[in-house]
Amino acid sequence: MKTAVIGAGVIGLSWARLFAEHGHPVKVFDPRPDLDVPEGVEVAPTVADAVRDADVVQENGPEDLEFKKTLFAELVRTAPRHALLLSSSSAIPSTAFTRGVDGSRVLIGHPFNPPHVLPLVEVVPGEQTTKESVGRAVEFYRGLGRTPVVERKEIPGFVGNRLQAALSREAAYLVEQGVVTPQDLDTVVTNSLGLRWATVGPFLGAHLGGGPGGYRHLAQHIGRSMQGLELGTPAQDPERLIKAVEDAYGSSTYSDLAETRDRRQLAVLTALEEN
Ligand SMILES: NC(=O)c1ccc[n+]([C@@H]2O[C@H](COP(=O)([O-])OP(=O)(O)OC[C@H]3O[C@@H](n4cnc5c(N)ncnc54)[C@H](O)[C@@H]3O)[C@@H](O)[C@H]2O)c1
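Residues numbered from 1 in each chain as written. Predicted model: local features only at pLDDT ≥ 70, side-chain atom pairs only at ≥ 80, totals over all residues. Heavy atoms only, no water.

Next up on the list: the overall build of the protein. When you go through the protein residue by residue, the secondary structure sums to 13 helices and eight strands. Relative to the 2.2 N^0.38 estimate, which gives 19 Å for 275 residues, the radius of gyration of the protein is 21 Å and therefore close to what a compact globule would have. Dimensions of the protein along its principal axes, counting C-alpha atoms only, are 60 × 45 × 45 Å. The burial tally for the protein puts 37% of its 275 residues in the buried class. Taken together, the 27 basic and 35 acidic charged side chains of the protein have centroids lying 7 Å from each other. (Helix = DSSP H or I, 4+ residues; strand = E, 2+ residues; numbered from the N terminus. Rg over C-alpha atoms; globule rule 2.2 N^0.38 Å. Buried < 20%, exposed > 50% of the residue type's maximum accessible area, 1.4 Å probe, protein only. Lys, Arg positive; Asp, Glu negative; His and termini not counted. Charge placed at Lys NZ, Arg CZ, Asp CG, Glu CD.)

In structure tokens form, the structure reads like this:
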């Protein structure tokens, strides 16, 4: 399968690496002057050159509606007629950037960072996307060893990021209120919810938390005490929070932190596969 990766920042480079590792030829386009691509990946001088003979295009440019509108209009014009046009967009549904163009093979393939390690891809069709395109996207991502989940309705932020936003909002509030430091909040999550959620989601987790009485027992027994909680809204000015996170982690390099993250995430995935 010939692939094209448009936009090679954090997400695009990770996709390019995964595609190449699975034996797909990859052409990358990104105007950044410091572009450095993984082994086996080709750099194209323009979008049109990158997608000319592609079977699959994965877009990972800026999260900006106007950018995506312009780019997808060009992709629809220049990519082969059979090529799947996938966007990594975190929050913008594809219907919003395909109005007025043929969106039958355009859809969201939203990964979690980094896509060469984390398995989930949210596959979200737009109003014009055909069933055939959805099926091909699912097949493509499965072939890369990913776990695609097809979502039934478009909603800004899709599912994963909406869940993440709910937790992040409360995390910011707790740090702002001086209840906990950024590091200690991260320790709470990585030693409890993070580990739990690597095996069971919120619903099965709650069902098991209720013991033999299941979800019903938990909802009636502990759930009530949680219903009374007034969850916080973080301040509008995020600067203090940004500073606190930079104080916590700014002394390590990005590549050291990312390498440690990848190693630990792979160890959890390996342990799960072995059990
Ligand atoms: N970072 C994440 O955790 C994450 C996770 C999932 C999805 N996403 C989504 O993936 C997309 C990319 O995010 P990112 O975090 O990699 O951003 P990023 O800023 O790291 O990369 C964006 C890249 O787009 C390039 N770019 C700018 N103008 C371009 C153009 N005209 N044509 C092609 N490329 C251009 C930039 O040079 C940059 O390298 C966004 O839509 C984002 O919402 C991000």
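Another point: the site of the ligand. Among the 22 residues in the neighbourhood of the ligand, the closest are listed as Ile 11, Asp 30, Glu 63, Lys 68 and Ser 90. At 3.4 Å, a backbone N or O of Gly 9 approaches an oxygen atom of the ligand. Contact with the protein chains hides 71% of the accessible area of the ligand, taken as 830 Å² for the molecule alone. For the shell around the ligand, the secondary-structure elements that each account for two or more residues are helix H1 (10-21), helix H3 (65-78) and strand S6 (106-111). (Near = heavy atom within 4 Å. Polar contact = N/O pair within 3.5 Å; in protein donor to acceptor, adjacent residues only side chain to side chain. Areas by Shrake-Rupley, 256 points an atom, 1.4 Å probe, with all protein chains shown as cover.)

This next bit is on the confidence of the model for the protein. Overall, the prediction assigns the protein a mean pLDDT of 96, with 100% of residues at 70 or greater. Mean pLDDT values over the elements of the protein span from 86, in helix H11 (residues 223-227), up to 99, in strand S4 (residues 56-59). (pLDDT = per-residue confidence, 0-100.)

Under the domain assignment, the protein is made up of domain 1 (3-150) and domain 2 (171-199 + 237-275). Just the C-alpha atoms count here: the centres of domain 1 and domain 2 sit 28 Å apart. On the side of domain 2, six residues touch domain 1, which itself brings seven residues to the contact. Approximately 460 Å² of surface area, both sides summed, lies buried where domain 1 meets domain 2, with 60% of it carried by carbon and sulfur atoms. The tally of links from domain 1 across to domain 2 stands at zero salt bridges. Taken together, the links from domain 1 to domain 2 amount to one residue pair in polar contact (both at pLDDT 80 or more). (Domains from an automatic or database assignment. Contact = heavy atoms within 4.5 Å. Buried area = accessible area lost by both parts, 1.4 Å probe. Salt bridge = Lys/Arg side-chain N within 4 Å of Asp/Glu carboxyl O.)

Once that is clear, we can look at the packing of aromatic side chains. Applying the stated criterion to the full structure yields six aromatic pairs. Seen in terms of ring centroids, Phe 203 and Tyr 215 are 6.3 Å apart; in terms of plane orientation they differ by 55°. Their pairing is tilted. Here the residue Phe 203 occupies a position in helix H9 (residues 202-209), and Tyr 215 occupies one in helix H10 (residues 214-221), the gap between them amounting to twelve residues. Given a relative accessible area of 63%, Phe 203 falls into the exposed group. (Phe/Tyr/Trp six-rings, centres within 6.5 Å; stacked < 30°, edge-to-face > 60°.)

To continue, consider the nonpolar core. Judged by nonpolar contacts, the single largest core of 22 residues is most densely connected at Ile 6, Val 47, Ala 50, Val 51, Val 57, Leu 75 and Leu 85. Elements that contribute at least two residues to this core include exactly strand S1 (3-6), helix H2 (47-51), H3 and S6. Per-element accounting of this core gives the leading share, four residues, to H3. In this structure, Leu 85 is in contact with Val 57, Phe 72, Leu 75, Val 76, Ala 79, Arg 105, Val 106 and Leu 107, ignoring residues within four places of it in sequence. (Core = buried A, V, L, I, M, F, W, Y, C linked by side-chain atoms within 4.5 Å.)

Here the focus is the environment of Val 159. One can find Val 159 in the loop between strand S8 (147-150) and helix H6 (160-176). Overall, the relative accessible area of 41% leaves Val 159 in the partly exposed class. What Val 159 contacts, discounting residues up to four positions off in sequence, is Glu 122 and Glu 151.

Once that is clear, we can look at the pattern of salt bridges. Side-chain pairs of opposite charge can arise whenever the charged atoms involved come near each other. Scanning all chains against the criterion turns up nine salt bridges. Between Lys 27 and Asp 53 there is a salt bridge whose closest N-O contact spans 3.5 Å. Residue Lys 27 is found in strand S2 (residues 26-29), and its partner Asp 53 is found in the loop between H2 and S4; the two are separated by 26 residues along the sequence. Among the residues examined, Asp 53 registers a relative accessible area of 35% and is labelled partly exposed. Arg 261 is the salt-bridge partner of Asp 262, the closest N and O atoms lying 3.0 Å from each other. Asp 262 gets classed as buried once you look at its relative accessible area, which sits at 14%. The network of salt bridges with shared partners includes Glu 59, Glu 63 and Lys 68.

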